[in-house]
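Report on the structure
Listed below are the residues making up each chain.
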Amino acid sequence: MNTGEFNWTLIRSFLAALDRGSLMGAARALSTSQPTVGRHIGELEGQLGVVLFERTGRGLVPTPHAQRLAEAARAMSAAADQLARQATGAQAQVRGSVRISASQPVTCVLLPPLLRQLRELHPDIQIELISSNAVSNLLQREADIALRMVRPDQGSLVIKRVGQVAIGTFAHRDYLRRRGTPRQPADLLSHDLIGNDRNTDILRGFAAMGLPMQREDFAVRTDDLNAYQAAVNAGLGVGFLARYAARQNPELMPLLPTLEIPALPMWLAVHREIRSNPRIRRVWDFLSHTLPPALA
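Read on for a plain summary of the structure. (Residues numbered from 1 in each chain as written. Predicted model: local features only at pLDDT ≥ 70, side-chain atom pairs only at ≥ 80, totals over all residues. Heavy atoms only, no water.)

In this section: the side chain of S101. Topologically, S101 is positioned in strand β3 (residues 96–102). Of the polar contacts made by the side chain of S101, one reaches the side chain of R148; its length is 2.5 Å. (Helix = DSSP H or I, 4+ residues; strand = E, 2+ residues; numbered from the N terminus. Polar contact = N/O pair within 3.5 Å; in protein donor to acceptor, adjacent residues only side chain to side chain.)

On to the pairing of strand β4 (residues 125–131), then. The side chains of a regular strand alternate, first on one face of the sheet and then on the other. For β3 and β4, the ladder comprises seven bridges, and the chain directions are parallel. Note that in β4 the partner of S101 across the bridge is I130. In this view, the connection linking β3 to its parallel neighbour β4 by way of helix α5 (residues 104–121) has right-handed handedness. (Pairing = 2+ DSSP bridges. Right-handed = clockwise from strand over helix to strand, strands pointing away.)

Closest axis-to-axis distance for the α5/helix α10 (residues 278–290) pair is 11 Å, and the angle between their directions is 130 degrees. Regarding the angle of α5 to α10, the classification is oblique. Along this stretch, α5 crosses α10, giving a crossing that reads as right-handed. Note on element contacts: α10 touches α5 through V283, F286, L287 and T290, opposite L111, L114, Q117, L118 and L121. Considering only residue class, the contact of α5 with α10 consists of seven nonpolar, two polar and no charged. (Axes fitted to C-alpha atoms, helices over the stretch in contact; angles between N-to-C directions. Parallel < 35°, antiparallel > 145°, perpendicular 65-115°, else oblique. Left-handed = near helix turned anticlockwise from the far one by under 90°. Contact = heavy atoms within 4.5 Å. Nonpolar A, V, L, I, M, F, W, Y, C, P; charged D, E, K, R; others polar.)

What follows deals with the pattern of salt bridges. Taken as a whole and judged by the stated rule, the model has 12 salt bridges. D19 is the salt-bridge partner of R74, the closest N and O atoms lying 2.7 Å from each other. Highlighted residues: R74 in helix α4 (residues 64–90) and D19 in helix α1 (residues 10–20), separated in sequence by 55 residues. A residue is classified by how much of its surface remains accessible, and D19, at 40% relative accessible area, is partly exposed. Note that R281 and D285 form a salt bridge whose closest N and O atoms lie 3.1 Å from each other. One end of the pair, R281, and the other, D285, are both in helix α10, four residues apart, so they sit about a helical turn from each other. For R281, a relative accessible area of 36% translates into the label partly exposed. Overlapping salt bridges, with partners in common, bring together D197, R215, E216 and R221 in one network. (Salt bridge = Lys/Arg side-chain N within 4 Å of Asp/Glu carboxyl O. Buried < 20%, exposed > 50% of the residue type's maximum accessible area, 1.4 Å probe, protein only.)

Pasting the structure below:
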């Protein structure tokens, strides 16, 4: 190993590849290209003189060398992240950008009208929206503020429950004209259902009603919330949507009013060390006071 020429910036690509299990996943996480990540891994392997990953058809398999390097690499990453957070928290100016991470329906439907109000109050603050269904890692600064439907469990976070989102059963008018209207939950089993692929929330909901299903029972499966809404909008079948999002399409009809689907809690999260940043604090305060406590 040539320590005199060691490039520590390659560690970021190494950790992303280790955590995501593929060059493509790492590239997406780092907002870069797959060849760039591959080149970084190759350079790191060359500098260390070891093979870090076995390339297989199903992705990257870390070698024992990679496992040994991981602990030291994560310590480096944590130290760099802490320096970045402290530097950000020390900034005194309000002018600048704030990154907000939220699910696709929230970024596409719920947040834009609120952000318009925010921009009128604070025109010097720019907003970067990250539309993602994954829980962003605030510790690694993938976002400054996260709005989530599950309680974040990462350490060193300030979290606040700001409301809840009502979920309902919906189908397009055209679908109901073709297939009829379900009158009770058991009727859903004879309809085309829009479900999830890897997410098991809907399957567990049916099981709780005494109606066990398998993912193969869904006519269409997707874990992408925009694609899910689009499938229901296109009349592909019956789906389960946030009521505030379903109201955007007047052709969607609410079904089974007596079917009780638990509301999803809404949580705001921010890292403790950057909550003292004036512009992040202003966005946090605005969202915590303007997000509706109950979206029905």
